[in-house]
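Below, each chain spelled out in residue letters.
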Amino acid sequence: MMSLLKNLCSRSFCILLIAVSIAAGSLLTANVHNAWAVNPDEVLADPVLEKRARDLSAGLRCMVCQNQSIDDSDADLARDLRLLVRERLVQGDSDEQVIDFLVSRYGEFVLLKPRLDKQTIILWSFPVIILIIGISVIWFSRRKAGSTQPQIVPLNDEEKQRLQNLLDGK
């Protein structure tokens, strides 16, 4: 009994230790993610403007890397875009004006999350359309399968006799 209790305690302790290690690791790396590619010479002196620049940069796609934000990318173009965002913010542009400027220059592709407008409505509605089609296919196939149950036809006299002969071993 005592060894079982020790076993459970040590197992629980190990699980707790692993969980704490994972949580601590994720907390330690969470703040590192924000400063990967931004060079010290890019950082604005005003912390409010820098926070706005970081928020904007996190939503803008690096045109070289394509699946990274310009905030995470080390590419030269990403650096140029980060500097451009900061320059526009220092000039007094609003976040929306900065985004509109970059979209007018590079197209909607520069946004990691495309806006919902007439050009992207199909992109945003596609998952819902696929879901509706999938549910419809499942519903119709189950409905059809449920209505075509096999009908049991009773055996005729000849079939009954053959069955009886097989069961009797003749």
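Sequence order sets the numbering: in each chain, residues are counted from 1 along the sequence as written. The model is predicted, so local features are restricted to residues of pLDDT at least 70 and side-chain atom pairs to those at 80 or more, both for listing and for counting; the totals for chains, interfaces and linings are taken over all residues. Derived side-chain values reflect all non-hydrogen atoms in the structure, with water molecules and hydrogen atoms excluded from consideration.

1. Here's the deal with the nonpolar core
Here is the rule: By nonpolar core is meant a set of buried Ala, Val, Leu, Ile, Met, Phe, Trp, Tyr and Cys residues that side-chain atoms within 4.5 Å join together. Partly exposed describes any residue whose relative accessible area lies between the buried limit of under 20% and the exposed limit of over 50%, with all areas from a 1.4 Å probe on protein chains only and scaled to the type maximum. In this text, helices come from DSSP runs of H or I with a minimum length of four residues, and strands from runs of E with a minimum of two, each type numbered from the N-terminal end. Every residue pair with non-hydrogen atoms within 4.5 Å of one another is taken to be in contact.
Counting residues in each nonpolar core, the largest one holds 19 residues, and the members touching the most others are Leu60, Ile70, Val85, Leu89 and Leu102. Every element with two or more residues in this core is listed here: α2 (47-58), α3 (76-90) and α4 (95-106). The element contributing the most residues to this core is α3, with 5 residues. Setting aside anything within four residues of it in sequence, one finds Leu102 in contact with Leu60, Leu81, Leu84, Val85, Gly107 and Val110.

2. Topic: the pattern of salt bridges
Applied cut-off: Here a salt bridge means any side-chain nitrogen of Lys or Arg lying within 4 Å of a carboxyl oxygen belonging to Asp or Glu.
Applying the stated criterion across every chain yields a total of 6 salt bridges. Between Arg88 and Asp93 there is a salt bridge whose closest N-O contact spans 2.6 Å. Neither residue differs from the other here; Arg88 and Asp93 are each classed as buried. If you follow the salt bridges from partner to partner, you end up with Glu50, Arg54, Asp71 and Arg86 in one network.

3. Here's the deal with the side chain of Ser69
For Ser69, the position within the fold is in the loop between α2 and α3. You can call Ser69 buried: its relative accessible area is 6%. When near neighbours in sequence (up to four residues on either side) are disregarded, Ser69 contacts Ser57, Ala58, Leu60, Cys62 and Leu112.

4. Some thoughts on the packing of aromatic side chains
As a reminder, the rule being used: A pair of Phe, Tyr and Trp rings is counted when the ring centres sit within 6.5 Å of each other, with Trp represented by its six-membered ring. The angle between the planes then sorts it: under 30 degrees is stacked, over 60 is edge-to-face, the rest tilted. In this scheme, the term charge over a ring applies when either NZ of a lysine or CZ of an arginine sits within 6 Å of the ring centre and within 35 degrees of the ring normal.
For the structure shown, the criterion picks out 1 aromatic pair. A centroid spacing of 4.9 Å and a plane angle of 65 degrees characterise the contact between Trp139 and Phe140, whose relative ring orientation is edge-to-face. It is Arg61 that lies over the ring of Phe109; its NZ or CZ is 4.4 Å from the centre. Positioned above the aromatic ring of Phe101, the side-chain terminus of Arg88 is 3.9 Å from the ring centre.

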